[in-house]
Amino acid sequence: MTAAPATPRDLSDLSVGQEIARTTHEITRDTLVRYAGASGDFNPIHYNDTVATDAGLPGVIAHGMLTMGVAVTGLLDAVGDPTTVRAYSVRFTNPVPVPATGSVTLEVVAVVGAIDEGAGTARVDIAAEVDGTKVLGRARATFALPTATADSDQVATA
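Everything numeric in this text was worked out from a predicted model, so none of it was measured. (Residues numbered from 1 in each chain as written. Predicted model: local features only at pLDDT ≥ 70, side-chain atom pairs only at ≥ 80, totals over all residues. Heavy atoms only, no water.)

A.B. asks: Help me out: how do you make sense of unusual backbone geometry in this one?
C.D. replies: What is expected of a backbone is that most residues other than glycine have negative phi and most peptide bonds are trans. Positive phi, close to 50°, is recorded for Asp131, a residue that is not glycine. Structurally, Asp131 can be placed in the loop between strand S4 (121–130) and strand S5 (133–144). One non-glycine residue with positive phi stands out, namely Arg138, at about 45°. Note that Arg138 resides in strand S5. (Helix = DSSP H or I, 4+ residues; strand = E, 2+ residues; numbered from the N terminus.)

A.B. asks: I tried to follow the sheet that holds strand S3 (residues 104–116) on my own but got confused; where do I start?
C.D. replies: Strand pairing in a sheet relies on backbone hydrogen bonds, with the paired strands running either antiparallel or parallel. Pairing is antiparallel across the open sheet formed by five strands, whose spatial order is S1-S3-S4-S5-S2. Two strands bound the open sheet, and with one partner strand each, they are strand S1 (19–27) and strand S2 (85–92). Neighbour-to-neighbour, the strand axes of this sheet turn through a mean angle of 20°, independent of strand direction. Of the pairings in the sheet, the one linking S1 to S3 comprises eight bridges and is antiparallel in character. (Pairing = 2+ DSSP bridges. Axes fitted to C-alpha atoms, helices over the stretch in contact; angles between N-to-C directions.)

Shown next as structure tokens:
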């Protein structure tokens, strides 16, 4: 995975169309094994080439939830506080084939799609591709915008 920003981005002055995260993520068969163990998803299409091709797939594929989770990490790093995320959804448009040896690279770009000042939120559109093929469609996350804080040094005295 490419290095994430050391500190969260300043999100106080966002604009529609602004890129706020760009990451790449290497996914290997080892990644799939580790994810299967953590998630309990041992569907053989995620580790057995014969089963995957018999199911009409190009071979072993990454778990959809793994792809979805990895795709949002750049945004979470940029936001800094994952509790500000109010919604996240995707449509799975293409599988992510994972070779028996080596890796596949998931390329992700997060761009501000809309700002709702009244609600205090921003929608971020997430593009995720492998080898130029879109693997997630309508991937969107909504997060709460930072709020201005009152100057805590000013204390009223009686």
